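Fold and geometry: a report
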Amino acid sequence: MSKAIIHTDAAPAAVGPYSQAVSASAGKLVFLSGQIGLEPGTGELVSENFEGQVRQSFANMQAVIEAAGGTLDNVVKLTLFLTDLSKFASANAIMAEIIPQPYPARSTLGVASLPKGAQFEVEAILAL
Ligand SMILES: C=C(N)C(=O)O
């Protein structure tokens, strides 16, 4: 897989750890379902804490990526879902710790609710 970041000053700069666009030539695309902060062992939310749920969601995503034969470098697009957009900066900070640069493309949505009462969900597309 090779990927290139697309950037233009004719569109707004990213307001978080993402790229305006990513071009990838891949042998295979993998579409991941969204992950919320469930512990694999119990199937229960890891915590009532937003940060804990974000970290567990990304850990779950990474486990699926590895099961698909990839790494975090293969992520070309993420979608984040937050039930409280006032936590946007916190989600950005945690994502920036976990996701390597160059950053994938990303969309972020505020939503009314998520399954299991989760506060955060992350969905990914991989290029392998
Ligand atoms: C504005 C965005 N695309 C984001 O935060 O993901």
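Shown above is the structure to which this text applies.
A brief report on the enclosed structure follows. As the structure is a computational prediction, the values presented were derived from the model and not from experiment.

Regarding its fold elements, the chain presents two helices and six strands. Taken from N to C terminus, the helices and strands of the chain fall in the order β-β-β-α-β-α-β-β. The C-alpha radius of gyration computed for the chain amounts to 14 Å, which stays within 12% of the reference 14 Å derived for 128 residues, consistent with globular compactness. Across its three principal axes, the chain shows a C-alpha extent of roughly 40 × 35 × 20 Å. When the 128 residues of the chain are sorted by exposure, 36% land in the buried category. Counted over contacts in the chain with a minimum sequence separation of 6, partners at least 24 positions apart contribute 73%. For the chain, the computed accessible surface area is about 6500 Å², with 54% contributed by carbon and sulfur atoms. If the 7 positive side-chain charges of the chain are averaged to one point and the 11 negative ones to another, these points end up 5 Å apart.

Our next topic: the packing of aromatic side chains. Describing an aromatic ring pair means giving the distance of the ring centres and the angle of the ring planes. Applying the stated criterion to the full structure yields two aromatic pairs. Here the aromatic rings of Phe50 and Phe120 are separated by 6.1 Å at their centres, their planes lie at 90 degrees, and the arrangement is edge-to-face. One end of the pair, Phe50, is in helix H1 (residues 50–67); the other, Phe120, is in strand S6 (residues 120–127), and 70 residues separate them in sequence. Judged by relative accessible area, which is 0%, Phe120 ranks as buried. Put simply, the rings of Phe50, Phe58 and Phe120 touch in pairs and so form one group of aromatic residues.

Lining the immediate environment of the ligand, one finds Val15, Tyr18, Phe88, Arg106, Ser107 and Thr108. The side chain of Arg106 places a nitrogen or oxygen atom 2.7 Å from an oxygen atom of the ligand. In the environment of the ligand, an oxygen atom lies 2.7 Å from a nitrogen or oxygen atom belonging to the side chain of Thr108. For the ligand, whose unbound accessible area comes to 220 Å², protein coverage reaches 74%. The element contributing the most residues to the shell around the ligand is strand S5 (residues 105–110), with three residues. Classifying every residue of the shell around the ligand gives three nonpolar, two polar and one charged.

Relative to the assigned elements, Gln119 resides in the loop between S5 and S6. Judged by relative accessible area, which is 17%, Gln119 ranks as buried. Of note is the side chain of Gln119, whose polar atom sits 2.6 Å from the backbone oxygen of Glu48. Apart from residues no more than four positions distant in its own chain, Gln119 is found in contact with Glu48, Asn49, Phe50, Gln53, Phe81, Leu82, Thr83, Lys87 and Leu114.

The rules behind these values
Residues numbered from 1 in each chain as written. Predicted model: local features only at pLDDT ≥ 70, side-chain atom pairs only at ≥ 80, totals over all residues. Heavy atoms only, no water. Helix = DSSP H or I, 4+ residues; strand = E, 2+ residues; numbered from the N terminus. Rg over C-alpha atoms; globule rule 2.2 N^0.38 Å. Buried < 20%, exposed > 50% of the residue type's maximum accessible area, 1.4 Å probe, protein only. Contact = heavy atoms within 4.5 Å. Areas by Shrake-Rupley, 256 points an atom, 1.4 Å probe, with all protein chains shown as cover. Lys, Arg positive; Asp, Glu negative; His and termini not counted. Charge placed at Lys NZ, Arg CZ, Asp CG, Glu CD. Phe/Tyr/Trp six-rings, centres within 6.5 Å; stacked < 30°, edge-to-face > 60°. Near = heavy atom within 4 Å. Polar contact = N/O pair within 3.5 Å; in protein donor to acceptor, adjacent residues only side chain to side chain. Nonpolar A, V, L, I, M, F, W, Y, C, P; charged D, E, K, R; others polar.

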